[in-house]
There are 2 protein chains.
Amino acid sequence: MKNVNIRALARELKLSLSTVSKALRDSYEISAATKERVRALAAEWNYIPNAYASSLRGRKSKNIAVVLPEVADSFFSIAINGIEAAVKPKGYHVIIYLTHESYDGEAAILKDFQSGRVDGVLLSVSRETTRTDHVQELMDKEVPVVFFDRVLETLAAPKVVTDDAESAYKATTHLLSQGCREIAYLGISEDLYICRQRMEGYRQALRDHQLPVQPRNILTCAADATRNFQLVKKLLQRANRPDGIVASVEKLTTTVYQVCQQLQLHMPGDVKLVCFSNLEIATILQPSLTTITQPAFEMGKTAAEMLVKILEKKVLTEKDIRVVIPSELVVRGSSGVK
Amino acid sequence: MKNVNIRALARELKLSLSTVSKALRDSYEISAATKERVRALAAEWNYIPNAYASSLRGRKSKNIAVVLPEVADSFFSIAINGIEAAVKPKGYHVIIYLTHESYDGEAAILKDFQSGRVDGVLLSVSRETTRTDHVQELMDKEVPVVFFDRVLETLAAPKVVTDDAESAYKATTHLLSQGCREIAYLGISEDLYICRQRMEGYRQALRDHQLPVQPRNILTCAADATRNFQLVKKLLQRANRPDGIVASVEKLTTTVYQVCQQLQLHMPGDVKLVCFSNLEIATILQPSLTTITQPAFEMGKTAAEMLVKILEKKVLTEKDIRVVIPSELVVRGSSGVK
């Protein structure tokens, strides 16, 4: 039953194409009895309404949705450029949807795509997202999904990620080599796969250097900048103050610098900092910021190329593909090197 | 002929609703002769297909498009938050389209909206946009457009702007009061209305202080950061080096700080800087950055509220409305005040 289409349904049911189409769309113009007949056969033949809608129109929407938690983070704004670089030559339009780190928002957006509004989806999940059913449901409707950066590890969909664990390991090891012995880790989620990976890299580096992993040194920050400021301030006011910080997200940069200013702590003398960040401005901070720079453009581009490939083949052959593009440790002033 | 709808056309032509609908959509199921009859009457009655499409579906898309030049600028990422705050309680979804400062991109996006894909549009035009016909055409299809920030001044559509001329005047006057006498102005476009306004504010401030407006002090920067760096470097290497700079866009901040670092110029001693910026990071720069802070959230929110009002009334009664929300000069270290 591979080539079920609207025409086959209409022929079998001895109905017009238009009637079958309307019945499937639950149109008020069609009687309940007819709708029931159409739906029963569609279900029996495992017919997928979305594919129908597209083929009836005779064209795809040529729209690719990019679903992101936010755009204030430079990782995402650069990744968008990579995505557009990959899909524009192929004639696709990029449409951006923001979840604002809300699972409900994300689920509602994906639900909306089931009607065939977009041809495919590039997804980086919200901080709250632990369930996978909203994505699985969309994939079941044959709308291809490619994950990038923030992935749902257990889903059988292509993924483009960076080496989060290795990068955090590298950042922590770098701080250790600069003499730090009490290193704090600032995270934003205990659920997100990439956050767990980063934290694991940090822990592993400490263990490999025979240092204890101290719960007091692991902070989970939130969306609220004022609360983050208080958390980090409390951390840096402690008697056994951390002498190094690995900040796992870009926006915590401002927080750490502000707290150091207020407490009159000197970077890198009193505390050294490495931040996961793609901020262009890292170079002009004083001290300049040591970063884990993610390959944002390449990640967006690679994920988009993969999606286009799937769309052009019209089959999901690559769902087990996982591409890892390494991040780079860029050492600058905040970790004690000029 | 105010209440022309699909039913009226069908009644007059003695055709079914479905036939008229298909004829208007140029369906292959309808004969050329019938299409001609339908189109002729639709034209005579000045019937607008889009309104039809929506009403036939019995619902609006509930999607609001936000068309922006980019998201890397914090003004736009904050404005998006304001927009979502206004429309979410009303059940609308926000979809973001980026023009990447291209007129062609903008025109293609707006063209796509003519089919009724979105209920209304919030628009901030690209740097290249001088023509208005692509927007007028969309408005002619009764898709309401509300401008914010970067407006097309001559179009009869609602606009939400900030006091660009006054802000640049204020920035320049502030630098004059700090002792600057050779003040440079960094712009990004000679076409964009808001850029012309800002430049005019700068010029007026100089004139009001009996200072000449020197063409050598007015630079038009581009998208290319390397080229901007060279331009600003050349400016600050001049024999009669500017002692003050008004930078009209956020991303020039990094450029000016980088050039000063490389030329070992001291801010605010050697040169003072005011930048149009909403960067949270302004406070942690050294020196901290004096900014013209735009009411990004409020501008987005106000524009979106206006659009929702229009959508709910289903008439464009407010097309002459122009809301001005003032920006704020926030004095910090880069202009010589601690």
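Residues numbered from 1 in each chain as written. Chains lettered and ligands numbered in written order. Predicted model: local features only at pLDDT ≥ 70, side-chain atom pairs only at ≥ 80, totals over all residues. Heavy atoms only, no water.

Mind laying out the overall build of chain A, listing which residues take part and the relevant values?
The secondary structure content of chain A amounts to 12 helices and 12 strands. For chain A, buried positions account for 57% of its 338 residues. In chain A, the share of contacts with a sequence separation of at least 24, taken over all contacts with a separation of at least 6, comes to 72%. Charge-centre separation for chain A: the mean point of 44 positive side chains lies 3 Å from the mean point of 39 negative side chains. (Helix = DSSP H or I, 4+ residues; strand = E, 2+ residues; numbered from the N terminus. Buried < 20%, exposed > 50% of the residue type's maximum accessible area, 1.4 Å probe, protein only. Contact = heavy atoms within 4.5 Å. Lys, Arg positive; Asp, Glu negative; His and termini not counted. Charge placed at Lys NZ, Arg CZ, Asp CG, Glu CD.)

Tell me about the relation of the copies chain A and chain B, residues and numbers included.
For the match of chain A to chain B, the screw axis carries a shift of 0.2 Å, the RMSD comes to 0.3 Å, and the turn is 180°. Taken together, the rotation and translation relating the two chain copies correspond to the operation of a two-fold axis. Here 100% of the contact residues of chain A are again contact residues in chain B; the copies associate through an equivalent surface. (Least-squares fit on C-alpha atoms with pLDDT ≥ 70 in both.)

Got a sec to walk through the confidence of the model for chain A? Specific residues and values, please.
Averaged over all residues, the pLDDT of chain A equals 88, while 92% of them reach at least 70. Low pLDDT (under 50) marks residues 50–59 of chain A, which in the prediction has 15 contacts with non-local residues, meaning those over four places away or in another chain. (pLDDT = per-residue confidence, 0-100.)

Would you mind going over helix 8 (residues 164–177) of chain B in detail, with residue names and values included?
Residues and elements named next belong to chain B. Across its 14 residues, helix 8 extends 20 Å between first and last C-alpha, which sits within 8% of the 20 Å expected from 1.5 Å per residue. Regarding helix 8, the residues found buried are D164, A165, S167, A168, A171, T172, H174, L175 and L176. Its buried side turned inward, helix 8 meets strand 6 (183–187), helix 9 (193–208), strand 8 (244–247), strand 9 (272–276), strand 10 (290–293) and strand 12 (328–330). Just downstream of helix 8, G179 is the residue with a positive phi angle, here 100°. (Expected span 1.5 Å × (residues − 1).)

So what's going on with the pattern of salt bridges? Which residues, and what values?
A full pass over the atoms with the stated rule returns 24 salt bridges over all chains. Residues E84(A) and K88(A) are paired through a salt bridge, measuring 3.2 Å at the closest nitrogen-oxygen approach. For R150(B), the salt bridge goes to E101(B), with nearest N and O atoms at 2.9 Å. Placement of the pair is R150(B) in the loop between strand 4 (145–148) and strand 5 (159–161) and E101(B) in the loop between strand 2 (93–98) and helix 6 (103–113), with a sequence separation of 49 residues. Judged on exposure class, the residue R150(B) and its partner E101(B) are both buried. When salt bridges with common partners are traced through the structure, they connect E182(A), R216(A) and R238(A) into a single cluster. (Salt bridge = Lys/Arg side-chain N within 4 Å of Asp/Glu carboxyl O.)

Tell me about the pairing of strand 6 (residues 183–187) of chain A, residues and numbers included.
Residues and elements named next belong to chain A. Burial of strand 6 is extensive: five of the five residues sit out of reach of the surface. Neither face of strand 6 is open: one carries I183, Y185 and G187, the other A184 and L186, and all of them are buried. Sheet topology note: the strand 6/strand 8 (residues 244–247) ladder contains four bridges and is parallel. Bridging from a neighbouring strand, L186 pairs with A247 of strand 8. When strand 6 meets strand 7 (residues 218–220), the two strands line up parallel, connected through three bridges. Bridging from a neighbouring strand, Y185 pairs with I218 of strand 7. For the crossover that starts at strand 6, traverses helix 9 (residues 193–208) and ends in the parallel strand 7, the hand is right-handed. (Pairing = 2+ DSSP bridges. Right-handed = clockwise from strand over helix to strand, strands pointing away.)

Now, about the interface of chain A and chain B: what can you tell me, with residues and values included?
Residue-level contacts link 36 residues of chain A with 37 residues of chain B. Summing both sides of the interface, chain A and chain B together bury roughly 3100 Å²; the carbon and sulfur share of this comes to 53%. Taken together, the connections running from chain A to chain B amount to zero salt bridges. At the junction of chain A and chain B, the tally comes to seven residue pairs in polar contact (both at pLDDT 80 or more). (Buried area = accessible area lost by both parts, 1.4 Å probe. Polar contact = N/O pair within 3.5 Å; in protein donor to acceptor, adjacent residues only side chain to side chain.)

Can you lay out the pairing of strand 10 (residues 290–293) of chain A for me, pointing to particular residues and giving the numbers?
With three bridges connecting them, strand 9 (residues 272–276) of chain A and strand 10 of chain A associate as parallel partners. Across the sheet, F276(A) pairs through a bridge with I292(A), a residue of strand 10 of chain A.

How would you summarise unusual backbone geometry if you had to cite specific residues and measurements?
A cis geometry characterises the amide bond from Q286(A) onward to P287(A), with omega recorded as -5°. Structurally, the position occupied by P287(A) is in the loop between strand 9 and strand 10. Of the consecutive residues M267(B) and P268(B), the connecting peptide bond is found in the cis state with omega at 0°. Locating P268(B) in the fold gives a position in the loop between helix 11 (252–263) and strand 9. Backbone geometry at Q210(A) places phi at a positive 55°, although glycine is not the residue there. Looking at the secondary structure, you find Q210(A) in the loop between helix 9 and strand 7. On the basis of relative accessibility, which here comes to 69%, the residue Q210(A) falls in the exposed class.

Describe the packing of aromatic side chains, and please don't skip the residues or the numbers.
Scanning all chains against the criterion turns up six aromatic pairs over all chains. When the ring centre of Y92(A) is taken as origin, the NZ or CZ atom of K62(A), which lies over that ring, is 4.0 Å away. (Phe/Tyr/Trp six-rings, centres within 6.5 Å; stacked < 30°, edge-to-face > 60°. Lys NZ or Arg CZ within 6 Å of the ring centre and 35° of its normal.)

Can you tell me about the sheet that holds strand 8 of chain B, naming the residues and giving the values?
Residue and element names in this part refer to chain B. Taken in spatial order, the six strands of this open sheet run 7-6-8-9-10-12, and their pairing is mixed. Edge positions in the sheet fall to strand 7 (218–220) and strand 12, since each of these pairs with one other strand and no more. Sheet twist, expressed as the average angle between the axes of neighbouring strands with direction ignored, equals 15°. Packed on one face of the sheet, helix 9 meets strand 6, strand 7 and strand 9 and runs near 175° to strand 6. With respect to the sheet, helix 10 (residues 225–237) is in contact with strand 6, strand 7 and strand 8, its orientation differing from that of strand 7 by roughly 170°. (Axes fitted to C-alpha atoms, helices over the stretch in contact; angles between N-to-C directions.)

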